[in-house]
Amino acid sequence: MKLKVNGKSRSFAGAPFKRLIEVLREDFGLTGTKEGCGEGECGACTVLVDGEPVNSCLIPVCSVEGRRIETVESLGNPGKLSPLQEAFMERGGAQCGICTPGMLMTATAWIKGGGSAAPGAIRECLAGNLCRCTGYQHIVDSVARAVKGKGGGKRR
Amino acid sequence: MTSVGVSHRRKEGPEKLCGLAKYIDDLSLPGCLHGVTLRSTINCGTIKSIDFETGFPWQEYVRVSAMDIPGRNLVALIEEDQPLLADRKVMHPHEPILLLAHPDRAKAYEALKHIRVQYEALEPVLTMEDSLAVKRALYKENNVFKSFLIEKGDIVKGFESARYTVEGEYRVWHQEQAYIENNGMAAWVEPDGTVTVQGSMQCPYYIHKALVKIFGLPEEKIRVIQSATGGGFGGKEEYPSMIAGHAALLAWKAKKPVKIVYDRAEDMPATTKRHPAIVRHKTALDKNGKLLAQDIDVVMDGGAYATLSSVVLSRGTLHAAGPYECPNVRVRSRVVATNTPPNGAFRGFGAPQTLFAVELHMEKIARAVKIDSLTLRRRNLWKEGSTTATGQVLSESVGACEALEHTVKKSGYVRKVKEYASWNRNAKKKTWKGVGLSLVHHGAGFTGSGEVYLASKAGLSITEDGRLQVLAASTEIGQGTNTMFSQIAADALGVPFDWVEVENPDTKFVPNSGPTVASRTTMVVGGLVRRAALAMKEALAKEGLVLKTPSDVKKAAKLLCGSEPIRRFIVQYEKPAEIVWDDATYKGDAYGAYAYAALVADLEIDKTTFEVKINKLTTAQDIGKAVNPLLAEGQIIGGTAQGVGYALLEHCVYKDGAMVNGQFTNYIIPTAMDTPAMDVKIVEKPYSRGPFGAKGVGELPMDTPGPAIAAAVNFAAGVWITELPLLPERILKAINETQGQR
Amino acid sequence: MRGAPETMAVLRPKSGAEAVKLYGQQTKAVPLAGGTDFMVLWNLGLLNGRTILDLSGVRDWRKIAAARTGVLVGSLATHAEIGRHPTVRAEFPLLVSACATIGAAQIQNRGTLGGNIANASPAGDTFPSLLVYEAVVRTVSPRGKRKLPISEVFAGVKRTTLGPGELIEAVELPFLDKRPSRRLFRKVGTRLAQAISKTVAAGILRLGKGGVVEDFRFALGSMAPTAVRLTEAESAVVGFKLTPAVVDEACRRLERSVSPIDDIRSTREYRLEVSRNILRSFLEGNQ
């Protein structure tokens, strides 16, 4: 079965009911996507399917055959962070980091979809991504900064 | 080029943001088996038999039971009462009995369905009340793991001269740490016989100590490595010793690497929780609302084994009287055994429980004395020169007043009290509004003489190729350890922040800087890092070298390393002579310094649904010095959010001694929508013995939301609820009861 | 995670007709739409060894089509797609509101209306809205096609009246004859977002000449083994003016249609009182 993962065509020949998260992590080596609950509650496993955020822990891979999958690995790398990642660096959006890949993917869809920088709207958009470290405020700040087109910049 | 005080970017941030940081479940080990745990289904009793279904392919599995343990069957902590695997006796639901490993994770879990354990069950003890009444003896003859007594002045005299006497009882329940990364550990045995574990943890040397006893091996034959850790909050303080022991036993028996990674459905019901507590206050006051006497009684539920309960109780006891001066104080406390999974460390460590009680009690006192609770607090709060319940004289760094006054002013508290009272008289409004205040202190570092026993070591090294590395076992679990250590070392050494790295906590390479707990990492271990850096600087100064350019570092490497690959500057904790503490009488300097925080909660309650919506939280927190203001603010906002959950949402539903809502679907932590906007002010009243004036910040913010939100809810709804969480169901019930009384 | 993918047999139809045929041959198979509920249990290792009818390839059941008499929502349309559809937004706002409260974005992008109905959770957030709009469920099986009023679909906790091999093809939403004067959707969950309902209400009300109620429909979820219309309360209101006595009587009758329980999420007392408060404020016109 074929999938388009982070712009590359990939094929998978294992059990069709294997979950997308495990195919990404075990078969494709993309361990950036995390599993926090297996219930579709925490959103740590959020990836984009055809541009929309979904919980990859609740998806058998057969049900997304041929679809376009994007994971955190599609964003940037430590040497060249994406503007959203830069904003997270600048505004303290990541602490322990385990919810971060999922947060980034939900925020990526938000920004691509023309989402606003209003804190209330960002909070609503991120409601499916639990974070236990930050109390969300610095994440909301980070996303707002990215929406406004600012990534990194001068240190305070 | 000072680093301290600047919001430097998180050291390991890029790896985390790119999904490259390796958490334990991301680690791929060739030939690795997956370990699973068979757990008890009864509270209390004896295992009669363990039957393995015939015909099941058991030959594919590695099995470990208590009999396989080469050393001692225990999880070494403070007491030695908790077995690593239940051996005949079962003391609580979800107690580990047997371990299995298989190359396929689902098959490992599947096997658990094919094992039948027969028990002889005994009537369990499930409540603190039944435990105190010794319905059955679970621990020694009285079920008391530990008790404390603090006495100051003469309590009887205090009550004799009282104009007002106010009594109250306050109650809090379990809370789940709810780190987003579940507990997980990998283990393998090196060819030289070294038992190695790697995983999600706060305290590598706790695990090291536990494994030494489990295997009966010399210390150098045990190695513990931290992997990226997805949150701890105390939940990865002591529990990882258990799971590390399990993984290591399986690996040792299988002669292959073994990984145990819990899923949420196992992690939540089986691992530690915040201790439930009942706190009773009886307080004497003069006609002006000055405290004359505080008589406080604390009971905590430790669960089935002692774990860290004695020190949780100690911290709870030492914070029970609040940040207030009172001439006569008695605090009696004990933590008791029940047939429930052991409770353990959770951010705040006993203090959120007792501070909730004393702070809500201040509201009750204010009503009785007929002054507002702000004035009551102003009249009694600690200032420089105040004496605490243990007789500690606070000689410096007392920011209680600044924190309170800033918070009150910034939040418009006084105006809102009036405004909301009038709003609430209008029956046409669809909500009731409320505002509530709290003021707390939080001791940084280990309790009492704890830091002396720990005798922590940390250091700074330089390698022959000129890398500067902080050496400490203090873990980065999201709070910013790596960044903060680098800033402190950079400033002490006089080099840019970017020149300093932090060695990954690995017992093979880093000294034991103590556990990553108790708001001690910046104040205590940061202080050691600073001293180590100063020692290196001094050694270089002797050679006439000052580090100004990268080539100076190369020179320094040559000078200091000589022919060795690395030169380490390690320093050890030294107790300042002025700090005096007596464990026997619980008198003296309980903590080197306290941090302080005030918080105002501004909320409304929907009259249709009794749901609480917090509109704003305003807080000021005196942490001595913010080494990294952005990270410190992140700690404050994040800790406050956990406190919001504790206050409003987080309810562990126990049935027959076991948590029955142990999933994220039903154990409700705040989402971004449930967490209000916060206005945070950092107050800096420097502490002379903290590095650059810093005190602790990790736990402090957890203490404030419970009492402030409870005060605001009580104000809004015109009720008197003394229990957390303030679920809409409880608010409705209280309203109905209050109206019934009218 | 405890699910064992290699123990699962997967049937992968490419059309509705093929799905019906395969399901007819293997009625023990589990139809899988968005999987947002099924996969939670599967991850716990509770559903290994099953045969799955994976409906992801059935494109023809994803469509949402507006017609003269109403909107036909394909059973595999996601909550997000329903919430975005312009005709649904204009004519069925209570359903739009309900779809927006199911989980968060990630769940709304996967969960489907047909899957939601077939799953028949007592806490299904779309059901009170569907009951109020008197939706009709279109099913198909080897025995033929059926149309069931939504009120006849639910048989109990997680049980439906669908027969073996019977699949939901679409849901008809008939347009209301006249615009309601008032409408309400209110979900009371365990927190402000991404929550399971303690009670969930949907209602419409139309006032006629002289303030007489011409139409009143009110339904609740999480208050009984299935979502329910408050027929007793409705009949106390329709044909009357909304006097305090009429409102009181309607609120009194609420209890006759429901049987809420104490569970890990809430209490019977709370569910009843809050549901009554919601009904009352709706009838009083100040929600």
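Residues numbered from 1 in each chain as written. Chains lettered and ligands numbered in written order. Predicted model: local features only at pLDDT ≥ 70, side-chain atom pairs only at ≥ 80, totals over all residues. Heavy atoms only, no water.

## Digging into the overall build of chain B
Here is step 1: Along the backbone of chain B there are 20 helices and 27 strands.
Here is step 2: A compact globule built from 742 residues should have a C-alpha radius of gyration of about 27 Å, and chain B, at 26 Å, falls within 12% of that.
Here is step 3: For chain B, the spread of C-alpha atoms along the principal axes amounts to about 75 × 75 × 50 Å.
Here is step 4: With 742 residues in all, chain B has 68% of them scored as buried.
Here is step 5: Split by element, the accessible area of chain B, about 24800 Å² in all, is 51% carbon and sulfur.
Here is step 6: The averaged location of the 83 negative side-chain charges in chain B is 4 Å from the averaged location of its 89 positive side-chain charges. (Helix = DSSP H or I, 4+ residues; strand = E, 2+ residues; numbered from the N terminus. Rg over C-alpha atoms; globule rule 2.2 N^0.38 Å. Buried < 20%, exposed > 50% of the residue type's maximum accessible area, 1.4 Å probe, protein only. Areas by Shrake-Rupley, 256 points an atom, 1.4 Å probe, with all protein chains shown as cover. Lys, Arg positive; Asp, Glu negative; His and termini not counted. Charge placed at Lys NZ, Arg CZ, Asp CG, Glu CD.)

## As for the side chain of Thr-108 of chain A
Residue and element names in this part refer to chain A.
Here is step 1: Among the secondary structure elements, Thr-108 is positioned in helix H3 (residues 100-112).
Here is step 2: The exposure class assigned to Thr-108 is buried, which follows from its relative accessible area of 8%.
Here is step 3: Looking at Thr-108, its side chain comes within polar contact range of the main-chain oxygen of Leu-104, at 2.6 Å.
Here is step 4: With near-sequence residues (within four places) excluded, Thr-108 lies in contact with Leu-48, Leu-75 and Leu-84. (Polar contact = N/O pair within 3.5 Å; in protein donor to acceptor, adjacent residues only side chain to side chain. Contact = heavy atoms within 4.5 Å.)

## Focus on the confidence of the model for chain C
Here is step 1: Chain-level pLDDT for chain C is 97 on average; 100% of the residues reach the 70-or-more range.
Here is step 2: Here the prediction assigns the complex a pTM of 0.98, and the interface score ipTM is 0.97. (pLDDT = per-residue confidence, 0-100.)

## As for helix H6 (residues 239-254) of chain B
Residue and element names in this part refer to chain B.
Here is step 1: Helix length check: H6 (16 residues) gives 23 Å between terminal C-alpha atoms against 22 Å at 1.5 Å per residue, within 8%.
Here is step 2: H6 sits mainly inside the fold: 14 of its 16 residues count as buried.
Here is step 3: Phi turns positive one or two residues past the end of H6, at Lys-255, with a value near 60°. (Expected span 1.5 Å × (residues − 1).)

## Considering the domain arrangement of chain B
Residue and element names in this part refer to chain B.
Here is step 1: Partitioning chain B into structural domains gives domain 1 (13-21 + 456-572), domain 2 (31-122 + 178-270) and domain 3 (277-447 + 586-741).
Here is step 2: Here the C-alpha centroids of domain 1 and domain 3 sit 36 Å apart.
Here is step 3: Across the boundary between the two partners, domain 1 contributes 20 residues, which contact 20 residues of domain 3.
Here is step 4: When the area that domain 1 buries against domain 3 is broken down by residue, the three leading residues are Ala-518, Ser-519 and Met-523, summing to 43%.
Here is step 5: Seen at the junction of domain 1 and domain 3, the total is 0 salt bridges. (Domains from an automatic or database assignment. Buried area = accessible area lost by both parts, 1.4 Å probe. Salt bridge = Lys/Arg side-chain N within 4 Å of Asp/Glu carboxyl O.)

## Looking at the domain arrangement of chain C
All names here are of chain C.
Here is step 1: If you check the domain split of chain C, you get domain 1 (5-57), domain 2 (59-174) and domain 3 (182-283).
Here is step 2: The centre of domain 2, based on its C-alpha atoms, is set 21 Å off from the matching centre of domain 3.
Here is step 3: Across the interface of domain 2 and domain 3, roughly 1700 Å² is buried in total on both sides, 67% from carbon and sulfur atoms.
Here is step 4: Counting the contacts that link domain 2 with domain 3 gives 3 salt bridges.
Here is step 5: Notably, a salt bridge pairs Glu-134 with Arg-229, separated by 3.0 Å at the nearest N-O pair.
Here is step 6: Between the two partners, domain 2 and domain 3, sit 7 residue pairs in polar contact (both at pLDDT 80 or more).
Here is step 7: The set of elements that each furnish at least two residues to the side of domain 2 that touches domain 3 consists of helix H5 (93-100), helix H8 (127-132) and strand S8 (154-156).

## What about the interface of chain B and chain A?
Here is step 1: With 58 residues of chain B at the contact, the number on the chain A side is 49 residues.
Here is step 2: Carbon and sulfur atoms supply 56% of the area buried between chain B and chain A, which totals about 4300 Å² over both sides.
Here is step 3: Contact with chain A buries surface across chain B, with Arg-9, Leu-17 and Ile-180 of chain B losing the most and accounting together for 20% of the total.
Here is step 4: Linking chain B with chain A are 6 salt bridges, by the criterion used here.
Here is step 5: One salt bridge connects Glu-86 of chain A with Arg-9 of chain B, and the closest N-O pair in it is separated by 2.8 Å.
Here is step 6: Taken together, chain B and chain A are joined by 27 residue pairs in polar contact (both at pLDDT 80 or more).
Here is step 7: Secondary-structure elements contributing two or more residues to the side of chain B that touches chain A are helix H1 (13-17) and helix H17 (629-648) of chain B.
Here is step 8: Grouping the amino acids of the side of chain B that touches chain A by side-chain chemistry returns 25 nonpolar, 19 polar and 14 charged. (Nonpolar A, V, L, I, M, F, W, Y, C, P; charged D, E, K, R; others polar.)

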